[in-house]
Amino acid sequence: MISIEIDGKQIEVEEETTILNAANALDIKIPTLCYNELIEPYAVCRICVVEVIRRKRTRLVTACNYPLRESVKVRTNSERVLKLRRMNLELLMARAPAAKIIQEMAAEMGLETTRFPIENPKESCILCGLCVQMCQDVVGAYAIGFADRGSKREVSTPYERTPETCILCGACAQVCPTGHIRMTDAEERIIHSKLSLGPNAAITIPFRQAIPNVPRIHAEHCIHFKTGECMLCSKVCPKDCIHYDDKDEIEEFEIGAVIVATGFDDFDPTPMKQLGYGRYPNILTGAEFEQMNNAGSPTGGKIVMENGEEPRSVAILHCIGSRDENYHKYCSRVCCMYALKFAHLVKEKSNAEVYQLYVDMRAFGKGYEEFYQRILDEGVNVIRGKGTEIVPNRSGAGDGALLVRCEDTLIGKFREIPVDMVVLCSALEARSDATDLARKLNISAGADGWFIESHPKLGPVSTTTEGIYLAGVCQGPKDIPDTVAQGSAAAAQAMKMLAQGQILMDAAYAEIAEEFCSGCRICNGLCPYNAISFDETKKVSNVNSAMCKACGTCVAACPTGAIAARHFTDEQIYAQIEGILV
């Protein structure tokens, strides 16, 4: 450790620490443009110049790359330092007059103009080389570099076009201090279906409530898995938690309870040709509209059309794929309220006219009816009638590129509404693999794919298989409060069963009389709960009474009558009948 003095303040730092880092530790600001902690500095901008006094010798050095090896005094705001900074800044103003950060820095130093000639008023690159260093030394792509020399020097790609080595990681744009390099869409338009909810970073936490709540690396976005370079995350991780050679593994656990919370799928409105989804621009699903509204989306949360302009009118259509004989007969429950939320967001973020086309408004929850009234007070046009068709507005009638055709059932008239954007509130449907999962877990699924509970009122989270519970939309459409309540109930039921330490069995289950069993194994394949096994030694079948649910399938199928259900024998049934008749 060595002791240094910066602007009269003492601090002890390790040898080889730069003046810039030592000043930051003292909260002393030294301006710089070309410094990035991930890249080895070489002081191109010269804005970070400071005065170093060692014994009787005084010299000017750049703070970002000057290593401290002995005790010295440093002055960051002396008259000599400020004069040199202004001159360096004037040179940068002449080089990149369009750079906003240079304009702001000049205003702080009281500079209005530069004494040096300006060659290109629109130039914003200061030739700091951060992008070149990042692409070559960190990313390892070597897609950009310096071209020409002297005053004609510039950052360029080979032949001024995107090279094949560029992996579109955006690292060069991230480190650019002046915003000269930007990531833009090559088509210069917004494709709503390709918007992402939040940034596509290589390391993210899946969502805020994720368990375990730790970041994960996405190999498809990670620079290391594309070029073999970078590895900055492992260098800065203090606990050595990052291992790039980890592989997926399948592990087996013995468990006492299972909570099924597989969620749902969004209905794809593409088969509904009359709605034009996928054929006409600016027709979005509810999920796509939600993604665009997110503050972390490429639009910054702004509601825009594919050409980047704000829509003048928006139509929101309810019950797309739900309450429909051709798709799903059930109500998806959540569509009405999130459609009202969308209308509120459009009114809040734009000046667009909003049209709500509904079949029946189902505002059933606490505070929902009040929110519906608030939407009406905000001036949303609410039309009772299902949108039947969306076509391009070729007639030019009204403002809008699309025509939404519907029947207003309250006034008994057919209407055509010109709009710029349409939002389809699509149905919630069961996961495509729900039937396969139900077969694996020995639980029931209905014709619509939702898992079936053991009792709709007395056992809403239980299933016919003991120890397996349902939570969330996998059991049927529901909103967030109901999902949270059911998840808590399922967790409580699982903890209750585990805390008991023993299982209470039903009195009714199947029994096999070994003296009558022929060993045909018909019952083994028919049992839906896998409760019957075959004893190879005795050549007879056995029933696991803890797994048996007394469904009676094996009893009815046994050709020798060797299987009987407890409490359902012929003698017991005859006795019940005799008791009733006496």
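Here's what I pulled together on the structure shown here. Predicted model only: the values in this text are computed from it and were never measured. (Residues numbered from 1 in each chain as written. Predicted model: local features only at pLDDT ≥ 70, side-chain atom pairs only at ≥ 80, totals over all residues. Heavy atoms only, no water.)

Helix and strand counts for the protein come out as 15 helices and 25 strands. By the compact-globule yardstick of 25 Å for 582 residues, the protein is too spread out, its C-alpha radius of gyration being 35 Å. With the C-alpha coordinates of the protein rotated into their principal frame, the extents come out at 120 × 70 × 45 Å. Looking at the protein residue by residue over its 582 residues, the buried ones come to 41%. Looking at the protein alone, contacts between residues at least 24 apart form 58% of all its contacts between residues at least 6 apart. When the accessible area of the protein is evaluated, it comes to approximately 34,400 Å², of which 50% is carbon and sulfur surface. (Helix = DSSP H or I, 4+ residues; strand = E, 2+ residues; numbered from the N terminus. Rg over C-alpha atoms; globule rule 2.2 N^0.38 Å. Buried < 20%, exposed > 50% of the residue type's maximum accessible area, 1.4 Å probe, protein only. Contact = heavy atoms within 4.5 Å. Areas by Shrake-Rupley, 256 points an atom, 1.4 Å probe, with all protein chains shown as cover.)

Remark: the empty space left among the atoms is shown by a probe the size of a water molecule rolled over them. Throughout the structure, instances matching the rule amount to 5 cavities of 30 Å³ or more. The volume enclosed by the largest cavity comes to roughly 80 Å³. What lines the largest cavity is Cys125, Ile126, Leu127, Cys128, Gly129, Cys131, Val155, Cys176, Pro177, Thr178, His180 and Ile181. Classifying every residue of the lining of the largest cavity by side-chain character gives 9 nonpolar, 3 polar and no charged. (1 Å grid on protein atoms, 1.4 Å probe; cavity = no way out; pocket = protein on both sides within 12 Å on 5 of 7 lines; lining within 4 Å. Points joined across faces, edges and corners; volume = space filled by probe spheres on them. Nonpolar A, V, L, I, M, F, W, Y, C, P; charged D, E, K, R; others polar.)

Take the nonpolar core next. Judged by nonpolar contacts, the single largest core of 38 residues is most densely connected at Phe289, Met292, Ile316 and Met421. At the level of secondary structure, the elements contributing two or more residues to this core comprise helix 8 (286-293), strand 13 (313-320), helix 9 (335-349), strand 14 (353-358), helix 10 (368-377) and strand 19 (421-426). Ranked by residues supplied to this core, first place goes to helix 9 with 10 residues. Formed by 32 residues, the second largest nonpolar core is a distinct cluster that contains Met109, Cys128, Ile144 and Val175. (Core = buried A, V, L, I, M, F, W, Y, C linked by side-chain atoms within 4.5 Å.)

Moving on: unusual backbone geometry. At Asp7, a residue that is not glycine, the phi angle is positive and equals roughly 50 degrees. Within the secondary structure, Asp7 is located in the loop between strand 1 (2-6) and strand 2 (9-13).

We now examine the packing of aromatic side chains. Inspection of every chain in the model, using the stated rule, returns 6 aromatic pairs. Cation over ring: Arg521 sits above Phe534, and NZ or CZ is 3.8 Å from the ring centre. (Phe/Tyr/Trp six-rings, centres within 6.5 Å; stacked < 30°, edge-to-face > 60°. Lys NZ or Arg CZ within 6 Å of the ring centre and 35° of its normal.)

With that settled, consider the side chain of Glu288. Along the chain, the position of Glu288 falls in helix 8. Look at Glu288 and you get buried, because its relative accessible area is 9%. Apart from residues lying up to four places away in sequence, Glu288 is in contact with His192, Ser193, Tyr277 and Ile283.

Take a nonpolar patch on the surface next. On the surface, Phe568, Ile573, Tyr574, Ile577, Ile580 and Leu581 cluster together to form a nonpolar patch covering roughly 700 Å² of accessible area. Looking at the secondary structure, you find Ile573 in helix 15 (residues 570-581). (Patch = residues over 30% accessible without salt bridge, like charges linked within 9 Å, V, L, I, M, F, W, Y side chains within 5 Å. Salt bridge = Lys/Arg side-chain N within 4 Å of Asp/Glu carboxyl O.)

Of all 6 residues making up strand 3 (residues 49-54), 5 are buried, and the element is well covered by its neighbours. As paired strands, strand 3 and strand 4 (residues 57-62) are joined by 6 bridges and run antiparallel to one another. Opposite Val52, over in strand 4, you have Arg59 as the bridge partner. Bridge count for strand 3 against strand 5 (residues 73-75) is 3 bridges, and the pairing is antiparallel. Along strand 5, the bridge assignment pairs Val52 with Val74. (Pairing = 2+ DSSP bridges.)

This paragraph deals with the sheet that holds strand 16 (residues 387-392). Ordered in space as 16-17-18, the 3 strands form an open sheet in which the pairing is antiparallel. Looking at the sheet topology across the chains shown, the edges are occupied by strand 16 and strand 18 (413-419). Taking the axes of each pair of neighbouring strands and ignoring which way they run, one obtains an average angle of 25 degrees across the sheet. Direction of pairing for strand 17 (residues 402-408) relative to strand 18: antiparallel, over a ladder of 7 bridges. Within strand 18, the position partnered with Leu402 by the bridge is Val419. (Axes fitted to C-alpha atoms, helices over the stretch in contact; angles between N-to-C directions.)

We now examine the pattern of salt bridges. Summed over the entire model, instances satisfying the criterion amount to 22 salt bridges. A salt bridge links Asp360 to Arg323; the shortest N-O distance between them is 2.9 Å. On the criterion of sequence distance, the pair formed by Asp360 in the loop between strand 14 and helix 10 and Arg323 in the loop between strand 13 and helix 9 is long-range, its members being 37 residues apart. On the basis of relative accessible area, Arg323 is assigned to the partly exposed category, the value being 29%. Taking the shortest distance from any N to any O, the salt bridge between Lys329 and Glu325 comes out at 3.7 Å. Like Glu325, Lys329 is exposed. Connected through shared salt-bridge partners, Arg54, Arg55 and Glu70 make up one network.

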